[in-house]
Protein chains: 4
Amino acid sequence: MEQNKLNDNKLNTKLVNQKKLVKIAVIGAAGYTGFELLKILNRHKFANIVLVTSNQNESKLISEVFPSLLDFKNNQKFLSTESKSFPINILLKSNVVFLCLPPFESMNFIKNYLLDYSGLIIDIGSDFRLKDYKDYKYWYQNDHILKDSLKDFVYGIPELYFKDIKGSKKISNPGCYPTSVILALAPIIKENKLFEIIDINIDAKSGVSGAGKKLKEMYLFCSVNENFLAYSPLMHRHIGEIEQEIKRISGKSYKVSFTPHLLPINRGIFSTIYCKIKFLEAVEAKKTITTSEEYLNTDKNVLELKNYIDLQFKSFYKNSNFVRFLGEEIPQIKDVVNTNYCYIGYSFDIRTNILKIFSVIDNLLKGASGQAVQNMNIALGLTEHEGLII
Amino acid sequence: MEQNKLNDNKLNTKLVNQKKLVKIAVIGAAGYTGFELLKILNRHKFANIVLVTSNQNESKLISEVFPSLLDFKNNQKFLSTESKSFPINILLKSNVVFLCLPPFESMNFIKNYLLDYSGLIIDIGSDFRLKDYKDYKYWYQNDHILKDSLKDFVYGIPELYFKDIKGSKKISNPGCYPTSVILALAPIIKENKLFEIIDINIDAKSGVSGAGKKLKEMYLFCSVNENFLAYSPLMHRHIGEIEQEIKRISGKSYKVSFTPHLLPINRGIFSTIYCKIKFLEAVEAKKTITTSEEYLNTDKNVLELKNYIDLQFKSFYKNSNFVRFLGEEIPQIKDVVNTNYCYIGYSFDIRTNILKIFSVIDNLLKGASGQAVQNMNIALGLTEHEGLII
Amino acid sequence: MEQNKLNDNKLNTKLVNQKKLVKIAVIGAAGYTGFELLKILNRHKFANIVLVTSNQNESKLISEVFPSLLDFKNNQKFLSTESKSFPINILLKSNVVFLCLPPFESMNFIKNYLLDYSGLIIDIGSDFRLKDYKDYKYWYQNDHILKDSLKDFVYGIPELYFKDIKGSKKISNPGCYPTSVILALAPIIKENKLFEIIDINIDAKSGVSGAGKKLKEMYLFCSVNENFLAYSPLMHRHIGEIEQEIKRISGKSYKVSFTPHLLPINRGIFSTIYCKIKFLEAVEAKKTITTSEEYLNTDKNVLELKNYIDLQFKSFYKNSNFVRFLGEEIPQIKDVVNTNYCYIGYSFDIRTNILKIFSVIDNLLKGASGQAVQNMNIALGLTEHEGLII
Amino acid sequence: MEQNKLNDNKLNTKLVNQKKLVKIAVIGAAGYTGFELLKILNRHKFANIVLVTSNQNESKLISEVFPSLLDFKNNQKFLSTESKSFPINILLKSNVVFLCLPPFESMNFIKNYLLDYSGLIIDIGSDFRLKDYKDYKYWYQNDHILKDSLKDFVYGIPELYFKDIKGSKKISNPGCYPTSVILALAPIIKENKLFEIIDINIDAKSGVSGAGKKLKEMYLFCSVNENFLAYSPLMHRHIGEIEQEIKRISGKSYKVSFTPHLLPINRGIFSTIYCKIKFLEAVEAKKTITTSEEYLNTDKNVLELKNYIDLQFKSFYKNSNFVRFLGEEIPQIKDVVNTNYCYIGYSFDIRTNILKIFSVIDNLLKGASGQAVQNMNIALGLTEHEGLII
């Protein structure tokens, strides 16, 4: 990873001196994701919002829809992409377009407006996350209308694909659940020399904003408050992303079990990831012990395992501004809410050979808009954490 | 199961006519469990509370400590078991003693006061749940002071041990997590003729009252609200109970993985139970298919699996007043809060061969005081649901 | 008040012996109020639900819409009042009709179906609460279509109008806020011989279910949770009811200030009622003290005031099953949630001559369905608390 | 008000160029207030934390106690003020000391350590808010040990006392409730030429963090969640502050009624302020109308009233960075949570002559640490909003 931890870079200073700003359009800016994005961009030294859209809030000021943005720097009216007077020229002259749109709408918007766009597209939606259009069809039950573009979009997890993001013009921002899961798995599935993971079972819990601002009975206060439930227990679309990335990182195909649950909180994801592990034969052989179980029945070997895990995580994230490994401490959602951090801890259950990894993020920041701005910063050569206060 | 679903029995009527009441003592009645127990007994036609204790609330009226019990039928003062004037005679003349005490205190109380007690003891605490004192020592890191009594206590899950409970004088009320888990597993681990369960991984989530009324920073409103975390991820004491009962029911020893989490709600448990399954060789052989995976790659076989699961649950709970099987619908905590019900649903993940079972209870009712009264009713020959409103 | 506190009456016993049940229709049974009503009727010894309607849930079983009512005694399908096959005959043969309908719909339903109905109508909605059609027009901005019927409906607060309710055929169930306010004011505005109340200012706070099950952004979990706001700060419709009842009880016209607020909880109302008071001239004269302020600057007189308040409340509610006066203790919402109780406490602020009365109810029970069943019980001559567990 | 809205001033730039930082000590830094203060100072360009204390957390790192501050710029160990090795020299060499201490402890700390301190003291506690030691004794039931110092402390509401704060060495940070109330009243009690306020009745609601991190049963999750109550209904200490400031601003003595309530949310205050108003005689005379009531029974006059209120608020806060007037819109707690803003709206009730003012703040920011840093910035001549992100 080439991230330069917390060093302000020279480009920033140059831009400040030149008073040059990045012209930004936000498409679909009135949902939870859009709101967080606007707040970040409002703090961002180089952001100049030139266009915000919301078909439901046409002609309303940002500060009307979001009273807490009363002093918004670039306060302006939401436009409708469905309106005849939609100013395509402003869109096309912008430097960056963020798409905060529901499934299927990003690809339509790109097809309609951005095929010749020369700036940076960051799709916070889900249309360009799967690289293989067959996977897309399988998980989204829908034909992709821009199959050939899928390969052009970088999967925007900076901790994994910093090089690809730098200078890129097309970034697909990962899903919230996949972000929490992939960051927690990457260090131990990439070239693991001690143990292999036999199967991966993810029990994920998300705050309500993860579902977007939908007027459904299941998202009413009285439906969620003092309640808890699982949903989409078999074929949640995020499985496709998780398996795609696990394969890219580890070189191996996994079928993961993934079960999302709805937490009665506004924001935050807690993923409990169960990895059944087995020591590599080479490792066991060297120690002249025949089974993983025996191997682990030695405190010394468990210690070696823990040291290995520690080492993998620490080295993997040593230059990361936003991922923190807590060792055997368990992270809590409140540690990361309102931040762009991902915190990761683990426990190893010697009785069952299960490595339990705990990963927390704010679904609207590291799981959406925070990571999107992190991607923008990297793509444009700005300091990675600009606007993301750390 | 011999439960008679919802039929008022004759004893009830007789007692009503005779105006005979059951004299009840509640030891440790000022916590969350005690409060729920008092509420149930207040509604119970035959309950006459003759003694309530709380060392922290000595001399306060029940209605002072719990203002919502202002019209409590047997309103009286809490006594202290540490006081010299503690009325042992009242205790010994009672018909039933409920113990709502923290670990280690139940056995002390029994040793001090109840060795010669002729009435019914129901321990809502955890001291007599494990039948083997070595298991007790392993999970509680403590020597049991009444080793020989362990075998005398019936493990009080009426849906499993109705016969043993009936007429019993000593009942150990199960833990809240184990209740939710064992009820969800029993129908498919008992004489399963279609598949075997290779491993069991339980991701459990509990409301805050599950921890009791403890003055710790982690239970303050601002610590729990808008937060979520895992705790005791390796050696939670309830694992011992779960494994003991799985072994009794299935005849097989399992090492289960169990990870409890803290939900920002007052009450309720949601257990997500992951069972990796494999078809029995006999079954597969008969169908001339060699692996479970192949076997399952036929819609017909999946259907057979689902039918089998449905059948097992429905027949197992056909006479049960308090356990409901929802099939492939997912239960929610709010479905059972303030009731003595356990609701169970499932999903079968054909991609990973994992059977996901979802089980919800109210931790203070079916997970504690509700089940305790259910046990009392059965032991005394009363209608099982008296006081438990259904 | 003629209520007989907690005495089961003879009619009950007779009905039990005869196994005679009350045939009940519930119109609009799928909202929060309907749900609570169904739960109470399910526990009610004499209730036989013969008809439930919900235009949105036509043909669904009660237990489908409300999974926690899986074992509902009179489980049946919701019918639609808009359907051609709506069974008017069943409706007309019922003994009691509960209307749980939004503003304007109760009067339409009565006009369409119940003009010749011979049973008991209990309108939990708001159409028949105001007795003067001009008041109705003022507060509801709408012409009443059954002006002449307004006088036929008893305003159903049993603690005030027990005699009128007994044997009545038409009851208008009070609003939730007015119930909490009127019960808190009645004892001191009725024939007060010590002080007069100069003005009344009500700051009321309600849980979200008070608004009904509406799909609006303001009732989404993320809108309400961790938030608090005032709404309808000037002309909330409940003011009309409150002023009407204050006038009936005290004989004096007041213009009250009423400001409702939205609490991030499921259920419960907390009303803080500020009464600026002044001693009656006769009282002051007798004591040769000229102003209230001077009068109050004597501890003895404050004591007299407190004793008077205590006496008024205690004597007013001495036969009441469901209203409890706590003196100078402050009630909490959790004391009454899930019960049909109203708890009332007070503080007298000697610095400002303001009597602060605190009143709590469960808006869905004493504020709606609980009180409705209490009214039904009284009207039919049953035990007042049947089905209301105390 | 001399605040310069949002203009970065020259001193900031100079300091940046000189890389000169403000050396800051935080005494009592492990509570909710301390945590927020640390977060703000971490973002503050010129803050260099040289000392943090917490007697309960001695020797623990900031990042251990607050895992979300894992990347804290000035991460360091908490010291104990009770320890022999407490480094008084570091304290005395600091430029600013923030005191986040419970009642009575600030004055003791100042007496013991800071009598000769030459830097800036900002007391976030309550010991120096009341200027008259008799008031202090009345409201705190305690003798002040530094009576003569009371007058030296500026009451730190920048929107009122900007000039006094600038260059000051001793600032007493206002209470959370008083901040929300005084900001809402100041514009209409200062030289009001249209109406006078007859009495002021404040119904205030606060999130739980307002009570600090206390291990009491009433602050446990299960006590607060799904609950609401009033507390300290007669003599809350904040009344003294409110009355002191009302007198300073308006020149008139008021006895205000103040009733605080506990909201089941982490943070935020909503104050509903009821002002009974009366038009000035001069105003009424001019219009040849004899009573306020008649006067207000003219739409034109109500309009004049509203225009006057609008004008007063807008002109009063025209240069304010952190106070926003919403007119007749009602603010919500979520509009200001996690910000240093105060939002104010109003409704005028023509039926009762009551002006209802609604004021919201984040109790930990504008109500505590945010305002404290705002005060520091002003006192030191820095940009008012440095570190406070707007």
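Keep in mind that what you see is a predicted model, and the values were worked out from it rather than measured.

Reading the values: rules and limits
Residues numbered from 1 in each chain as written. Chains lettered and ligands numbered in written order. Predicted model: local features only at pLDDT ≥ 70, side-chain atom pairs only at ≥ 80, totals over all residues. Heavy atoms only, no water. Helix = DSSP H or I, 4+ residues; strand = E, 2+ residues; numbered from the N terminus. Buried < 20%, exposed > 50% of the residue type's maximum accessible area, 1.4 Å probe, protein only. Areas by Shrake-Rupley, 256 points an atom, 1.4 Å probe, with all protein chains shown as cover. Lys, Arg positive; Asp, Glu negative; His and termini not counted. Charge placed at Lys NZ, Arg CZ, Asp CG, Glu CD. Contact = heavy atoms within 4.5 Å. Salt bridge = Lys/Arg side-chain N within 4 Å of Asp/Glu carboxyl O. Polar contact = N/O pair within 3.5 Å; in protein donor to acceptor, adjacent residues only side chain to side chain. Nonpolar A, V, L, I, M, F, W, Y, C, P; charged D, E, K, R; others polar. Least-squares fit on C-alpha atoms with pLDDT ≥ 70 in both. Phe/Tyr/Trp six-rings, centres within 6.5 Å; stacked < 30°, edge-to-face > 60°. Domains from an automatic or database assignment. Buried area = accessible area lost by both parts, 1.4 Å probe. Pairing = 2+ DSSP bridges. Axes fitted to C-alpha atoms, helices over the stretch in contact; angles between N-to-C directions. Parallel < 35°, antiparallel > 145°, perpendicular 65-115°, else oblique. Left-handed = near helix turned anticlockwise from the far one by under 90°. Arc of directions from axis to C-beta.

## Concerning the overall build of chain A
Link 1 in the chain: Each helix and strand counted, chain A has 15 helices and 13 strands in total.
Link 2 in the chain: Summarising its shape, the C-alpha atoms of chain A cover approximately 75 × 50 × 40 Å along the three principal directions.
Link 3 in the chain: Within chain A, the proportion of its 390 residues that are buried is 62%.
Link 4 in the chain: When the accessible surface of chain A is split by element, carbon and sulfur atoms take 49% of a total near 14,700 Å².
Link 5 in the chain: Distance between charge centres in chain A, computed from 50 positive and 41 negative side chains, equals 6 Å.

## Here we look at the interface of chain A and chain C
Often, the extent of an interface is quoted as the loss of accessible area on bringing the components together.
Link 1 in the chain: On the side of chain C, 18 residues touch chain A, which itself brings 18 residues to the contact.
Link 2 in the chain: Between A:Glu217 and C:Lys213 there is a salt bridge, with the nearest N and O atoms lying 3.4 Å from each other.
Link 3 in the chain: Where chain A meets chain C, there are six residue pairs in polar contact (both at pLDDT 80 or more).
Link 4 in the chain: In terms of residues, the side of chain A that touches chain C owes the most to one element, helix α9 (residues 221–224) of chain A, which gives three residues.
Link 5 in the chain: Looking at the side of chain A that touches chain C residue by residue, the class counts come to ten nonpolar, three polar and five charged.

## Things to note about the pattern of salt bridges
Residue and element names in this part refer to chain A.
Link 1 in the chain: Inspection of every chain in the model, using the stated rule, returns 68 salt bridges over all chains.
Link 2 in the chain: Of the charged contacts in the structure, one is a salt bridge between Lys-205 and Asp-203, with a shortest N-O distance of 2.9 Å. The exposure classification of Lys-205 matches that of Asp-203, with both residues buried.
Link 3 in the chain: Here Arg-248 ties to Glu-245 by a salt bridge, and the two come within 3.3 Å at their closest N and O atoms.

## With respect to the relation of the copies chain A and chain C
Link 1 in the chain: Each copy superposes on the other: chain A lies on chain C with an RMSD of 0.0 Å after a rotation of 180° and an axial shift of 0.0 Å. Put plainly, the chains are arranged around a two-fold axis.
Link 2 in the chain: Same-surface contact between copies: 100% of interface residues of chain A are shared with the interface of chain C.

## Looking at the packing of aromatic side chains
The geometry of an aromatic ring pair comes down to the distance between the two centres and the angle between the two planes.
Link 1 in the chain: Applying the stated rule across the entire model yields 67 aromatic pairs over all chains.
Link 2 in the chain: Aromatic side chains B:Phe128 and B:Phe153 sit 4.2 Å apart centroid to centroid with 20° between the ring planes, which places their arrangement in the stacked category. With a gap of 25 residues between them, B:Phe128 in the loop between β4 (120–123) and α6 (133–140) and B:Phe153 in the loop between α6 and β5 (154–155) connect regions that are remote in the sequence. As far as the burial class goes, B:Phe128 and B:Phe153 line up, both buried.
Link 3 in the chain: Through a chain of ring-to-ring contacts, three or more aromatic side chains come together here, namely A:Phe313, A:Phe316, A:Tyr317, A:Phe325 and A:Tyr346.

## Notes on the domain arrangement of chain A
Residues and elements named next belong to chain A.
Link 1 in the chain: When its domains are assigned, chain A resolves into domain 1 (2–173 + 368–379) and domain 2 (178–361).
Link 2 in the chain: Averaged C-alpha coordinates put domain 1 and domain 2 at centres separated by 28 Å.
Link 3 in the chain: The interface of domain 1 with domain 2 comprises 25 residues on the first partner and 31 residues on the second.
Link 4 in the chain: Roughly 2,500 Å² is buried in total at the junction of domain 1 and domain 2, and carbon and sulfur atoms are behind 54% of that figure.
Link 5 in the chain: Linking Glu-36 and Arg-267 is a salt bridge whose minimum nitrogen-to-oxygen distance equals 2.8 Å.
Link 6 in the chain: There are ten residue pairs in polar contact (both at pLDDT 80 or more) connecting domain 1 and domain 2.
Link 7 in the chain: Put simply, the parts of the chain that give the side of domain 1 that touches domain 2 at least two residues each are α2 (32–43), α6 (133–140), α7 (158–165) and α15 (365–380).
Link 8 in the chain: Residues of the side of domain 1 that touches domain 2, tallied by class, amount to 14 nonpolar, six polar and five charged.

## As for the relation of the copies chain A and chain B
Link 1 in the chain: Rotating chain A by 180° about the axis while translating it 0.0 Å along that axis superimposes it on chain B, leaving an RMSD of 0.0 Å.
Link 2 in the chain: When the interface residues of chain A are mapped onto chain B, 100% of them again lie at the interface, so the same face is used by both copies.

## Examining the sheet that holds strand β6 (residues 170–172) of chain C
Residue and element names in this part refer to chain C.
Link 1 in the chain: Taken together, six strands build an open sheet; the order of strands is β2-β1-β3-β4-β6-β5 and the sheet is parallel. Two strands in the sheet have a free side with no partner beyond their single neighbour: β2 (47–53) and β5 (154–155).
Link 2 in the chain: Bridge count for β5 against β6 is two bridges, and the pairing is parallel. Across the sheet, the residue bridging to Val-154 is Ile-171, located in β6.
Link 3 in the chain: Along the sheet, helix α5 (residues 105–114) makes contact with β1 (22–27), β3 (96–99) and β4 (120–123), crossing β3 at roughly 150°.

## Digging into the side chain of A:Asn57
Residues and elements named next belong to chain A.
Link 1 in the chain: Relative to the helices and strands, Asn-57 is located in the loop between β2 (47–53) and α3 (62–65).
Link 2 in the chain: Classification of Asn-57 by relative accessible area gives buried; the value is 14%.
Link 3 in the chain: In this view, Asn-57 contacts Ala-30, Val-65 and Phe-78; residues no more than four positions away in its chain are not counted.

## A closer look at the packing of helix α8 (residues 176–189) of chain A against helix α10 (residues 238–250) of chain A
Residue and element names in this part refer to chain A.
Link 1 in the chain: Two elements in contact, α8 and α10, have axes separated by 10 Å at closest approach and are oriented at 20°. With respect to each other, α8 and α10 are oriented roughly parallel. Read as a crossing pair, α8 and α10 show a hand that is right-handed. Of the residues in α10, those touching α8 at Cys-176, Tyr-177, Pro-178, Val-181, Ile-182, Leu-185, Ala-186 and Ile-189 are His-238, Glu-241, Ile-242, Glu-245, Ile-246, Ile-249 and Ser-250.

## Observations regarding helix α6 (residues 133–140) of chain D
Residues and elements named next belong to chain D.
Link 1 in the chain: Here α6 has its buried residues at Tyr-136, Trp-139 and Tyr-140. Viewed end-on, α6 has its buried residues packed into an arc of 85°, placing them on one side of the element.
Link 2 in the chain: Considering only its buried residues, α6 is in contact with α5 (105–114) and α10 (238–250).
Link 3 in the chain: You can read the cap of α6 off the contacts: a side-chain oxygen lies 2.7 Å from the backbone nitrogen of Lys-134, and it is on Asp-132.
Link 4 in the chain: Positive backbone phi, approximately 55°, marks Gln-141, located one or two places after α6.

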